[in-house]
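Residue-level structure breakdown
Listed below are the residues making up each chain.
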Amino acid sequence: MRKSDKEKNMHLPLLCVLSFLITFGASLLSPAYAKIYIDITSPGIRQLPISIKSMGTPASREIESIVKADLDFTGLFSFVDPDVPGAEMTATIDVETSEGLKVIFTIHDLIDNREVLKKRLSASQKTSLRTVAHRISNAIYEVVTEKKGIFETKLSYLVNAGAGRKELHAMDWDGKRSVKVVSKGLTSSHSWTQDGRFLLYASQRNRKWKVYILNRKRYREMVLFSSKGLNLVGGTSPGNLISLSSSKDGNSEIYTIDIYGKKFKKLTRAIGIDVSPVFSPNGEQIAFVSNRGGTPQIYIMNSEGRNIRRLTFEGSYNTSPSWSSDGKWIAYTGQKNGKNQIFMVKSDGTETRQITFNGNNESPSFSPGGMFLAFDSDKDGQHGIYIMNLLGDDQKRITSKKMKASAPRWSPYLN
């Protein structure tokens, strides 16, 4: 890996957003009593009636509000006042702020009349209040579904800063605590490594496109790949192999490289343009966009560049593939009736679904766990970042209408 001409320390607020200051006491969840309250893989998912009770300092009410907003977006919970019968589960949040932030958090199963979970949380700074709240939301979600929650994940995205600049920003999954990650030049494609350790992005500076890598722990930017032509980052494999496209030899082709800037390998050799390569979750396949058939379409090949097959046949303009975490679905942008919309198709090419219909909707990105999609849209006028479920319902704008934002990429689960 080569250092950039000038290594730079990243913005200090990034340290707060992309790292955690929370410590935990022991969990008292007993495997003998564990049960799935909601099976999110079954049809006809019900809502779990839950009451959330906060006590202690005023910070407890703020944490309660964040937890409710987190859980409400999933559509899996209905909220019952703690003083009103009808809840099947209750969560209690007891907060002290005399020395930092200390929380005792418990979950009770009211049907079986038992304590399901008890945790002690402490944070070194009160500014970590949102992180504490998101971690409580994750605990509730995991108890109820036995699946990991998304509430401590991040989204990276691009912001139009004018004067030919696009900046890379990162924010919480709900749009809060946004920070500027890269402000130099024109930043384009970007991605997270699957272990969450690095952010990758392509940026044009001094009229040259380079692919950069940012270590989240050290907060330093390094050059991963540089050549003549247009160089854009794609996605990563579980082993942190990186896919990218480059026009260094003329046509844009697909390549892979490791996180040290070595093992550079060319995968495609076709007339036309091959771009937007993204690894499947297991790293065995790559979805990409090619116009080798005359129009931009989604194709799939194995990770060595063999067994290329066309995936999309409906429409004449399909781009921006994103894999679901189980590898069964690919979301993409397709043009229909002169507008860009979000579609999903099974990775075997069957069951194409359109899930957005209003405005222009682009750049889908699956959440870890595959329950939600982030995307950008101009349906409210100014382009912004939205999240929604896989049916296209419960669409929620998470960036300000004052900001022109696009191209979200959902992080993996972060530690």
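If you're wondering where the values come from, they're calculated on a predicted model, not measured in any experiment. Each chain has its residues counted from 1, following the order in which its sequence is written. Note on the predicted model: pLDDT of at least 70 is required for a residue's local features to be given, and 80 or more for side-chain atom pairs to be given and counted; whole-chain, interface and lining totals, by contrast, use all residues. Based on all heavy atoms of the structure, the side-chain values leave hydrogens and waters out of the count.

Here we look at the sheet that holds strand 30 (residues 396-397)
Across a sheet, strands are paired by hydrogen bonds formed along the backbone, either parallel or antiparallel in direction. Definition in use: Strands are labelled as partners when DSSP assigns at least two bridges between them. Numbering of helices and strands runs from the N terminus; a helix is a DSSP stretch of H or I covering at least four residues, while a strand is a stretch of E covering at least two.
Across the sheet, four strands lie side by side as 27-28-29-30; this open sheet has antiparallel pairing. Of all the strands in the sheet, the pair left with one neighbour each is strand 27 (361-366) and strand 30. Both strand 28 (residues 372-377) and strand 29 (residues 384-389) contribute to a ladder of six bridges, which runs antiparallel. Its bridge partner lying in strand 29, Phe 375 is registered against Tyr 386.

Looking at the nonpolar core
To be explicit about the condition: Here, nonpolar core means buried Ala, Val, Leu, Ile, Met, Phe, Trp, Tyr and Cys residues that are tied together by side-chain atoms lying within 4.5 Å of each other. Only protein chains enter the accessibility calculation, which uses a 1.4 Å probe. A residue is then buried if its area is under 20% of the maximum for its type, exposed if over 50%, and partly exposed in between. The contact definition used throughout considers only heavy atoms, calling two residues in contact when any of these lie within 4.5 Å.
Grouped together as the largest cluster of nonpolar side chains are 49 residues, with contacts concentrated most on Ile 63, Val 103, Phe 105, Ile 136 and Ile 140. The leading source of residues in this core is helix 3 (residues 129-145), at nine residues. For Ile 63, the contacting residues outside a window of four places in its chain are Ile 93, Val 95, Val 103, Leu 129, Val 132, Ala 133 and Ile 136.

Observations regarding the pattern of salt bridges
Formally: What counts as a salt bridge is simple: a side-chain nitrogen of Lys or Arg found within 4 Å of a carboxyl oxygen of Asp or Glu.
Taken as a whole, this structure holds 20 salt bridges when the rule is applied. One salt bridge in this structure joins Glu 351 and Lys 346, with 3.1 Å as the shortest N-O distance. Its relative accessible area of 42% is what places Glu 351 among the partly exposed residues. Relative accessible area serves as the criterion here: at 26%, Lys 346 is assigned to the partly exposed category. If you follow the salt bridges from partner to partner, you end up with Lys 35, Asp 109, Asp 112 and Arg 114 in one network.

Quick notes on helix 2 (residues 59-74)
For clarity, the threshold we go by: Here the expected length of a helix is defined as 1.5 Å per residue gap, with one fewer gap than residues.
The end-to-end C-alpha distance of helix 2, which contains 16 residues, comes to 24 Å, matching closely the 22 Å that a straight helix rising 1.5 Å per residue would cover. In the segment just after helix 2, Gly 75 is the residue with positive phi, at about 75°.

Comments concerning the packing of aromatic side chains
Here is the rule: Pairing of aromatic rings covers Phe, Tyr and Trp, the last through its six-membered ring, and needs centres within 6.5 Å; plane angles under 30 degrees mean stacked, over 60 mean edge-to-face, and all others mean tilted.
Inspection of the entire model under this criterion finds 10 aromatic pairs. Seen in terms of ring centroids, Tyr 255 and Phe 264 are 4.8 Å apart; in terms of plane orientation they differ by 10°. Their pairing is stacked. Exposure remark for Tyr 255: the relative accessible area of 1% places this residue in the buried category. Residue classification places Phe 264 among the partly exposed residues on the basis of a relative accessible area of 34%. Taking 5.9 Å as the distance between ring centres and 25° as the angle between the ring planes, the aromatic pair formed by Phe 288 and Tyr 299 counts as stacked. Remark: Tyr 299 occurs in strand 21 (residues 297-302) and Phe 288 occurs in strand 20 (residues 285-290); sequence separation between them is 11 residues. The burial state of Phe 288 is the same as that of Tyr 299; both residues are buried. Taken together, Phe 73, Tyr 141, Phe 151, Trp 173 and Phe 372 form an aromatic cluster joined through their ring pairs.

So, the pairing of strand 7 (residues 114-123)
Sheet topology places strand 6 (residues 101-109) next to strand 7; nine bridges connect them, and they run antiparallel. When the sheet's bridge partners are listed, Lys 102 is paired in strand 7 with Ser 122.

Digging into the side chain of Glu 167
Note the cut-off: By the criterion applied in these results, polar contacts are pairs of N or O atoms within 3.5 Å in which, for protein atoms, one can donate a hydrogen and the other can accept it, and in which residues neighboring in sequence qualify only through two side-chain atoms.
Within the secondary structure layout, Glu 167 lies in strand 9 (residues 165-172). We classify Glu 167 as buried; its relative accessible area is 6%. Side-chain polar atoms of Glu 167 contact the side chain of Arg 165, separated by 3.0 Å. Reaching out from Glu 167, the side chain makes a polar contact with the side chain of His 169 at a distance of 3.0 Å. In contact with Glu 167, other than residues within four places in its own chain, are Tyr 157, Leu 158, Val 159, Ala 161, Lys 180, Val 182 and Ser 183.

Concerning the pairing of strand 24 (residues 329-336)
Buried residues dominate strand 24, accounting for six of its eight residues. The antiparallel hairpin formed by strand 23 (residues 318-323) and strand 24 contains five residues in its connecting segment, where Gly 327 sits at a positive phi of about 75°. Where strand 24 meets strand 25 (residues 339-346), eight bridges bridge the pair, whose relative direction is antiparallel. When the bridges of strand 25 are listed, Trp 329 appears paired with Lys 346. The loop that links strand 24 with its antiparallel partner strand 25 comprises two residues; one of these, Asn 337, has a positive phi angle of about 55°.

Looking at the environment of Ser 65
For Ser 65, the location among the structural elements is in helix 2. A relative accessible area of 46% places Ser 65 in the partly exposed class. Spatially, the C-alpha atoms of Ser 65 and Ala 133 are 8.7 Å apart, while their sequence positions differ by 68 residues.

Structural notes on helix 3
The terminal C-alpha atoms of helix 3, which comprises 17 residues, lie 24 Å apart, in line with the 24 Å expected from a rise of 1.5 Å per residue. Summarising burial for helix 3: 16 of the 17 residues are buried, a large majority. Immediately downstream of helix 3, the backbone of Glu 146 shows phi near 60°, a positive value.

Section: the sheet that holds strand 26 (residues 353-354)
The strand order 23-24-25-26 describes an open sheet built from four strands, whose pairing is antiparallel. Of all strands in the sheet, those with a lone pairing partner are strand 23 and strand 26, marking the two edges.

Comments concerning the packing of helix 2 against helix 3
Condition: To obtain an axis, a line is fitted to C-alpha atoms, over the contacting stretch when the element is a helix, and the angle between two such axes runs from 0 to 180 degrees between their N-to-C directions. For classification purposes, an angle smaller than 35 degrees is called roughly parallel, one larger than 145 roughly antiparallel, one from 65 to 115 roughly perpendicular, and anything else oblique. Two helices that cross are described as forming a left-handed crossing if the nearer one is turned anticlockwise from the farther one by less than a right angle, and a right-handed crossing if clockwise. Lys, Arg, Asp and Glu make up the charged group, whereas Ala, Val, Leu, Ile, Met, Phe, Trp, Tyr, Cys and Pro make up the nonpolar group; the residues left over, Gly among them, are polar.
Between helix 2 and helix 3, the shortest axis-to-axis distance is 9 Å and the interhelical angle comes to 45°. Classified by the interaxial angle, the pair formed by helix 2 and helix 3 is oblique. Handedness of the helix 2/helix 3 crossing: right-handed. On helix 3, the residues touching Ala 59, Glu 62, Ile 63, Ile 66, Val 67, Asp 70, Leu 71 and Thr 74 of helix 2 are Leu 129, Arg 130, Val 132, Ala 133, His 134, Ile 136, Ser 137, Ile 140 and Tyr 141. In terms of residue class, the contact of helix 2 with helix 3 is built from 11 nonpolar, three polar and three charged.

Here's the deal with the confidence of the model for the chain
Here is the rule we go by: The pLDDT value expresses, per residue, how confident the predictor is, ranging between 0 and 100.
On average, residues of the chain score 90 in pLDDT, and 91% of them reach the 70 mark or higher. Segment residues 1-21: pLDDT under 50, and 62 contacts once partners within four positions in sequence are set aside and those in other chains are kept. A low-confidence stretch, residues 26-33 stays under pLDDT 50, and its non-local contacts, those more than four residues away or across chains, total 13 contacts.

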